[in-house]
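Given next are the chains, with one letter for each unit.
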Amino acid sequence: MRRFAILALVLAASVGCKEEKVAKPQANHAVRIATVDSNAVHTNGAVDTVTYPEGPEGIAARRGFAILAATRDSLPDYVGNGLRCFSCHLDNGRRPNAIPLTGVYARYPSYSARDGRVLTIQDRVNNCFRRSLAGRNVPTDSREMHDIVTYLALISRGIAVGAHVPGQGLPTMPPLSGDTARGVAIFAASCTRCHGVNGAGIPPATAVWGPRSYSVGASLARVERAASFIRHNMPFDSAGVLTNQQAYDVAAYIVSQSRPNSRGIEGDWPDGGAPSDVPYNTKGHAAFNPPKHLSAPGF
Ligand code: HEC
Ligand code: HEC
């Protein structure tokens, strides 16, 4: 088991040339880093190009990378669906226009209108654990959060605080409206061969709706955010072939499907001003095309 853990980490890191002594996961955090699957390296076609420093910092950053690459296997108690961080932060968090994580450490603390407060980098990571991974907060003082942040800090080195990185986030889309009927046809033609007719995902592709997908409180549950992700990154092997309108249509179809619920999201945008496509009620905002059925918040 231990040998696998080391091997998997080295594979995931792709630059490890010798076995590192990796400390045993602490029992109180119930972490299994052992199963970094091969998809962590293959799926996105990217090789991790990080140069890891020797010593404890390098070991922590490699563990952080492994958690981002195989999130559910690493932290089963904190992930409620079948996604991993790199399911959306593509190419190991390096792809422009796919929410790159490069430089992200230098972008926090930062004010979030959705939260109505300043978020630390740990808060932001946990937003994705709760919403995009339909899970729960990883304790900010845990070794696992420390490992994730060490990796994020390492890939942010040399980027000035507050600097804008090319391709940061997801480009804002022109305001179009999506047509779910057209979206059904586009999904069948361009997406089912990887994501399945039922949207559940054929590995290594992941679920785009249903209990194994991101929750209703995730940014990708908004049609404009989903359209931008799809327009710039999908189909995975031929990104860029869809028009803005087609991206909206297929996004409208996907976000209309059932997905895990998120707790407490009615408190989002506490000062008002929610974007019009948020699919749940918040202060002064009525849900836009909420999914037909929300699965129970079981996690
Ligand atoms: C379902 C897709 C998805 C998954 C899975 C996901 N994220 Fe995100 N993440 C997003 C989106 C979308 C945004 C940005 C939203 C926006 O700017 O509109 C984001 C933003 C972030 C940011 C802030 C980026 C910035 O430039 O400010 C961090 C940090 C982050 N995610 C970390 C993670 C980590 C760590 C994981 C795994 C534990 C994860 N994400 C999993 C979709 C995802
Ligand atoms: C060639 C296979 C392939 C095709 C075709 C494809 N995808 Fe993907 N998609 C992937 C892979 C691989 C990932 C990333 C999964 C991972 O690395 O964990 C992904 C991720 C996603 C995600 C973010 C993660 C999630 O599961 O929600 C969305 C949304 C998505 N695809 C939508 C689409 C849409 C819409 C289409 C059709 C326009 C499409 N994809 C076509 C392979 C594909």
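Above this note sits the structure.
Please read these numbers as outputs of a predicted model, since none were measured by experiment.

At 2.0 to 2.4 Å from the iron atom of ligand 2 lie its protein donor atoms, namely His195 (NE2) and Met234 (SD). Given six donor atoms and angles of 86 to 178° at the metal, the environment of the iron atom of ligand 2 is assigned as octahedral. Taken together, the positions of histidine 195 in helix H9 (residues 192-195) and methionine 234 in the loop between helix H10 (223-233) and helix H11 (244-255) put the pair 39 residues apart, joining distant regions of the chain. The exposure classification of histidine 195 matches that of methionine 234, with both residues buried.

Moving on to the site of ligand 2. The full set close to ligand 2 counts 26 residues, and Cys191, Cys194, His195, Ala207 and Met234 are the nearest of them. One of the side-chain N or O atoms of histidine 195 is found 2.8 Å from a nitrogen atom in ligand 2. With respect to ligand 2, the backbone of alanine 207 contributes an N or O atom lying 2.7 Å from an oxygen atom. Contributing elements (two or more residues each) for the shell around ligand 2: H9 and H10.

We now examine the packing of aromatic side chains. Applying the stated criterion across every chain yields a total of five aromatic pairs. With centroids separated by 5.1 Å and ring planes inclined at 45°, the aromatic side chains of phenylalanine 187 and tryptophan 209 adopt a geometry described as tilted. With phenylalanine 187 in helix H8 (residues 180-190) and tryptophan 209 in the loop between H9 and H10, this pair connects stretches of sequence that are 22 residues apart. Across the pair, tryptophan 209 and phenylalanine 187 agree in class, each one buried. Both rings, one in tryptophan 209 and one in tyrosine 253, keep their centres 5.3 Å apart while their planes meet at 75°; by these two values the pair is edge-to-face. Of this pair, tryptophan 209 sits in the loop between H9 and H10 while tyrosine 253 sits in helix H11, and the two are 44 residues apart along the sequence. Residue class for tryptophan 209 comes out buried when judged on its relative accessible area of 8%. Residue classification places tyrosine 253 among the buried positions, given a relative accessible area of 14%. Members of the aromatic cluster, connected to one another through ring pairs, are Phe65, Phe86 and Tyr151. Above the face of the tyrosine 214 ring, arginine 259 is positioned so that its terminal group lies 4.0 Å from the ring centre.

Glancing now at the packing of helix H3 (residues 56-69) against helix H7 (residues 143-154). Packing of H3 against H7 leaves a shortest axis separation of 7 Å and a crossing angle of 100°. What the angle tells us is that H3 and H7 run roughly perpendicular. Of the residues in H7, those in contact with Glu57, Ala60, Ala61, Arg63, Gly64, Phe65, Ile67 and Leu68 of H3 are Arg143, Glu144, His146, Asp147, Ile148, Thr150, Tyr151, Leu152 and Leu154. Here the residues of the contact of H3 with H7 are counted per class, giving nine nonpolar, three polar and five charged.

Calculation notes
- Residues numbered from 1 in each chain as written.
- Chains lettered and ligands numbered in written order.
- Predicted model: local features only at pLDDT ≥ 70, side-chain atom pairs only at ≥ 80, totals over all residues.
- Heavy atoms only, no water.
- Donors = N, O, S within 2.8 Å, 3.2 Å for Na, K, Ca; no water.
- Tetrahedral: all angles 85-135°; square planar, octahedral: opposite > 155°, others 65-115°.
- Helix = DSSP H or I, 4+ residues; strand = E, 2+ residues; numbered from the N terminus.
- Buried < 20%, exposed > 50% of the residue type's maximum accessible area, 1.4 Å probe, protein only.
- Near = heavy atom within 4 Å.
- Polar contact = N/O pair within 3.5 Å; in protein donor to acceptor, adjacent residues only side chain to side chain.
- Phe/Tyr/Trp six-rings, centres within 6.5 Å; stacked < 30°, edge-to-face > 60°.
- Lys NZ or Arg CZ within 6 Å of the ring centre and 35° of its normal.
- Axes fitted to C-alpha atoms, helices over the stretch in contact; angles between N-to-C directions.
- Parallel < 35°, antiparallel > 145°, perpendicular 65-115°, else oblique.
- Contact = heavy atoms within 4.5 Å.
- Nonpolar A, V, L, I, M, F, W, Y, C, P; charged D, E, K, R; others polar.

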